[in-house]
Amino acid sequence: FMAGYLVATVHITDPASFGAYVKGIEGLSATFGGEVLLRGQASEVLEGDSPEGVRVIVSRYPDAASAKAYLASPQYQAAKQHRVGAAEVNMLLLED
């Protein structure tokens, strides 16, 4: 199997509501074999239209199916409702 990587770019617009989302997914990715490799705020936008302060999260899963199962899980889907209107999120899947 090839590892699956989730790459999320996040621009938070409502920190309080986004905090409820973060609390709702705390520890969840590990139950699907996920491991955060990188989490932080971009120090500078060199090309493109990303807003200042955009955050990037890269996590690795045993395979793409595990990454997709994490996103499809009832706990993730419930927490995701807190994110609506609180952040602009792009989620990408890479396989290696």
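Everything discussed here concerns the structure shown above.
Owing to the predicted nature of the structure, the values given are computational and were not obtained by experimental measurement.

Undergrad: Just checking my understanding: could you explain the side chain of serine 73 for this structure?
TA: By the element assignment, serine 73 lies in the loop between helix 2 (64-72) and helix 3 (74-83). Excluding anything up to four places from it in sequence, serine 73 contacts Leu28 and Phe32.

Undergrad: Looking at this model, I keep getting lost on the packing of helix 1 (residues 15-25) against helix 3. Mind explaining?
TA: The relative placement of two packed helices is expressed as an angle between their axes plus a distance between the axes. Axis separation between helix 1 and helix 3 bottoms out at 7 Å; the angle between their running directions is 170°. Looking at the two axes, helix 1 sits roughly antiparallel to helix 3. Between helix 1 and helix 3, the contacting residues are Ser17, Phe18, Ala20, Tyr21, Gly24 and Ile25 on the first element and Gln75, Tyr76, Ala79, Lys80, His82 and Arg83 on the second. A per-class count over the contact of helix 1 with helix 3 returns 6 nonpolar, 4 polar and 2 charged.

Undergrad: Help me out: how do you make sense of helix 3 in this one?
TA: Each full turn of the α-helix corresponds to 3.6 residues, which orients residues three or four apart in the same direction. Those residues of helix 3 not exposed but buried are Tyr76, Ala79 and Arg83. All buried residues of helix 3 lie within an arc of 75° about the axis, which places them on one face of the element. Across from the buried face of helix 3, at angles greater than 90 degrees, the exposed residues are Pro74 and Gln81. Of the surrounding secondary structure, the elements contacted by the buried residues of helix 3 are helix 1, helix 2 and strand 4 (87-95).

What counts, and where the lines are drawn
- Residues numbered from 1 in each chain as written.
- Predicted model: local features only at pLDDT ≥ 70, side-chain atom pairs only at ≥ 80, totals over all residues.
- Heavy atoms only, no water.
- Helix = DSSP H or I, 4+ residues; strand = E, 2+ residues; numbered from the N terminus.
- Contact = heavy atoms within 4.5 Å.
- Axes fitted to C-alpha atoms, helices over the stretch in contact; angles between N-to-C directions.
- Parallel < 35°, antiparallel > 145°, perpendicular 65-115°, else oblique.
- Nonpolar A, V, L, I, M, F, W, Y, C, P; charged D, E, K, R; others polar.
- Buried < 20%, exposed > 50% of the residue type's maximum accessible area, 1.4 Å probe, protein only.
- Arc of directions from axis to C-beta.

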